[in-house]
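# Examining the three-dimensional arrangement
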Amino acid sequence: MTGVAVASPAGTLSLSCPATELQPGTYSIEWVCTGGTVTIQSNDGLTVVNGNLTSGTFIETASGGGRGNPTTYWYNFSGAFTGTLTQSGQARAITGSAYQSLAGSKSQLGTGTIAGGSAFVNAAYEPLYVADTYNNRIVRMDDMTGDNWIAFGSSGAGTNKFNLPWGIAVDSAGKIYVTDGGNCRVVRMDDMSGTNWTSLGHCGSGNHQFSNPTGLFVDPAGKIYVTDTGNNRVVRVNNIAGDGWTSYGAAGSGTGQFASPEGIAVDSAGKIYVADMNNARIVRMDDMSGTNWTTLGGGTGTYQFGSPVAISLDGSGRIYVLDWYDAHVIRTDDMLGANWIMLGTFGGGVGQFINPYGLFVDPSGTIYVADTHDNRIALFDDMYADAWTTFGTCCLGAGQFNLPASVVAVPAATPTPVPIVSIASLAYSDTVVGASSASQTVTLNNIGSAPLAINSIAPSGDFSQTDTCPGSLPGG
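Notes on the structure in this doc start here. (Residues numbered from 1 in each chain as written. Predicted model: local features only at pLDDT ≥ 70, side-chain atom pairs only at ≥ 80, totals over all residues. Heavy atoms only, no water.)

### Considering the packing of aromatic side chains
In total, this model carries 19 aromatic pairs according to the counting rule given. Ring plane angle 45° and centroid distance 5.3 Å describe the contact between F305 and W340, whose orientation is recorded as tilted. Residue F305 is located in the loop between strand 30 (294-297) and strand 31 (308-313), and its partner W340 is located in the loop between strand 33 (328-332) and strand 34 (341-343); the two are separated by 35 residues in the primary sequence. By the burial criterion, F305 is buried, and W340 matches it. Arranged with centres 5.6 Å apart and planes meeting at 35°, the rings of W324 and Y357 form a pair that is tilted. With W324 in the loop between strand 32 (319-323) and strand 33 and Y357 in the loop between strand 36 (352-353) and strand 37 (358-361), this residue pair connects regions lying 33 residues apart in the sequence. (Phe/Tyr/Trp six-rings, centres within 6.5 Å; stacked < 30°, edge-to-face > 60°. Helix = DSSP H or I, 4+ residues; strand = E, 2+ residues; numbered from the N terminus. Buried < 20%, exposed > 50% of the residue type's maximum accessible area, 1.4 Å probe, protein only.)

Printed below as a string of structure tokens:
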């Protein structure tokens with residue numbers, strides 16, 4: 001495909017993928033391909049996507065046939081790719097997916113007209129923080145492959161200890177916040193070593209007290225929002241010292257009331273969104289006085305939830321809700337349920353979850369789910385599970401979780417190069433003096449979002465090296 005029109009931003013898409021035909025089926029023919037390319041170029045020159053296809057599937061189906069009813073052929077392509085997204089001259093690493101369909105054709109092979117399609121990208125380097133709840137620890141990893149896995153914490157009630165950590169958030173300075181549910185407190189630390197560990201709260205229902213706090217959100221000004229689940233209220237403080245303590249809510253199902261509120265999010269206008277789990281609804285209010293209290297769900301009709309436990313917003317202000325019991329992610333444009341769409345069934349496959357508790361949507365619309373009882377984190381590009389990626393298994397080791405309850409992705413504030421080598425060291429067999437051993441290969445990747453300058457490469461010991469590395473390796 002060359003020069004296919006793209007709507008937003010306005011531009012063109014070109015895609016090439018060498019195809020290998022599989023054994024024909026009864027009603028379809030399928031080709032698979034790898035190693036192709038994807039290019040998207042905006043008309044204004046400000047946005048460029050350059051990607052390499054990692055997988056692709058091209059399917060032909062047919063309908064009609066018979067006397068007076070010519071056969072019509074239909075073609076659909078779907079594929080995943082990695083590469084770079086350059087916006088206004090700044091490149092970053094991405095993964096993505098593309099789907100294209102051809103209009104029906106009377107010719108089985110040849111050229112066709114694009115009927116429609118879509119392409120999605122998400123940041124490949126977007127560090128993730130996870131509340132690994134039943135392991136009583138938090139985890140940080142560079143990406144969805146688990147690179148640079150760091151786990152911190154153990155079971156207990158003191159410093160560097162957790163008792164069922166539930167919510168997790170990271171502020172603009174990189175400080176990490178955790179709702180430590182069983183210890184009735186919120187914890188803040190500077191980094192994954194627990195530097196400057198500070199906590200707020202103890203068990204109770206008064207000021208500076210919590211009962212099973214779960215949901216957590218930190219706004220750009222550093223204000224901390226907590227769903228105080230056991231007390232059926234929402235709490236906001238100005239800082240980890242608890243200054244400006246404000247609480248709102250009481251037990252019940254009416255205006256200003258909650259029944260086990262779980263997830264919380266705040267939009268750019270300061271409006272507060274709450275997943276009111278046992279009332280089977282979400283709530284929005286303008287401020288901590290409950291102004292303009294609005295609900296969606298909680299009754300009968302078209303737009304209903306089972307057990308909403310998490311809520312998040314994308315850069316366009318669309319609302320995403322995680323329904324724990326029904327294993328759904330739900331997206332709606334607004335509190336009226338406009339363009340309501342659901343994704344998810346019960347299970348461990350693509351587009352499936354088992355009792356998921358955690359949800360985070362980054363500004364570009366990439367969706368992350370803490371798929372709690374599958375003991376994994378799931379990432380996908382859109383509400384159709386495109387570019388579906390998962391990471392994690394049970395239990396306590398590296399790359400393992402035990403009922404993770406929340407996840408947050410932290411896009412780099414400024415583009416950063418991140419070098420990764422394929423192996424840290426090489427081992428050579430015994431070699432006769434004066435002879436050369438067999439060469440071995442090391443691959444350098446830049447999984448960051450800015451170019452990586454390569455000043456020199458030198459091996460240790462009595463070894464030499466040659467390389468094909470450029471002076472600067474682009475992001476991705």
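### Topic: a nonpolar patch on the surface
There is a patch of nonpolar side chains on the surface, built from V421, I423, L426, Y428, V442 and F463 and spanning about 480 Å² of accessible area. Within the fold, F463 resides in the loop between strand 44 (452-453) and strand 45 (472-473). Residue class for F463 comes out partly exposed when judged on its relative accessible area of 44%. (Patch = residues over 30% accessible without salt bridge, like charges linked within 9 Å, V, L, I, M, F, W, Y side chains within 5 Å. Areas by Shrake-Rupley, 256 points an atom, 1.4 Å probe, with all protein chains shown as cover. Salt bridge = Lys/Arg side-chain N within 4 Å of Asp/Glu carboxyl O.)

### Describing the pairing of strand 22 (residues 224-228)
For strand 22, the buried fraction is high: five of the five residues fall into the buried class. Because side chains alternate across strand 22, one face comprises the buried residues I224, V226 and D228, and the other comprises Y225 and T227, equally buried. Note that strand 21 (residues 213-218) and strand 22 share four bridges and pair antiparallel. Residue pairing across strands places L216 opposite V226, the latter belonging to strand 22. In this structure, the hairpin formed by strand 21 and strand 22 is closed by a connection of five residues, where G222 is found at a positive phi of approximately 90°. The turn joining strand 22 and strand 23 (residues 233-237), which pair antiparallel and follow one another in sequence, is formed by four residues; a positive phi near 55° is taken by N232. (Pairing = 2+ DSSP bridges.)

### Quick word on the state of the cysteines
Within the structure shown, the criterion is met by three disulfides. What pairs with C17 in a disulfide is C33, and their sulfur atoms sit 1.7 Å apart. An S-S torsion of about 110° defines the bridge between C17 and C33 as right-handed. With C17 in the loop between strand 2 (11-16) and strand 3 (19-21) and C33 in strand 4 (residues 28-33), the pair connects residues that are 16 residues apart, well separated along the chain. An identical accessibility class is assigned to C17 and C33; each is buried. Between the sulfur of C394 and that of C395 lies a disulfide, 2.2 Å long from S to S. On the sign convention where negative is left-handed, the bridge of C394 and C395, at about 95° about the S-S bond, is right-handed. Overall, C394 belongs to the partly exposed group, its relative accessible area being 36%. Listing the disulfide partners of the chain by sequence rank of the bonded cysteines yields 1-2, 3-4, 5-6. (Disulfide = S-S within 2.5 Å.)

### Topic: the sheet that holds strand 27 (residues 261-266)
Pairing in this open sheet of four strands is antiparallel, and the strands run 27-28-29-30 from one edge to the other. Each edge of the open sheet is held by one strand with a lone partner, namely strand 27 and strand 30. For this sheet the average axis-to-axis angle between neighbouring strands, irrespective of direction, equals 20°. Both strand 29 (residues 281-285) and strand 30 contribute to a ladder of four bridges, which runs antiparallel. If you follow R284 over to strand 30, its bridge partner there is T294. (Axes fitted to C-alpha atoms, helices over the stretch in contact; angles between N-to-C directions.)

### What to know about unusual backbone geometry
Of note in this structure, L164 is not a glycine but carries a positive phi near 60°. The topology assignment puts L164 in the loop between strand 14 (161-162) and strand 15 (165-170). The exposure class assigned to L164 is partly exposed, which follows from its relative accessible area of 30%.

So far we have only geometry, and geometry alone does not tell us how the molecule works.
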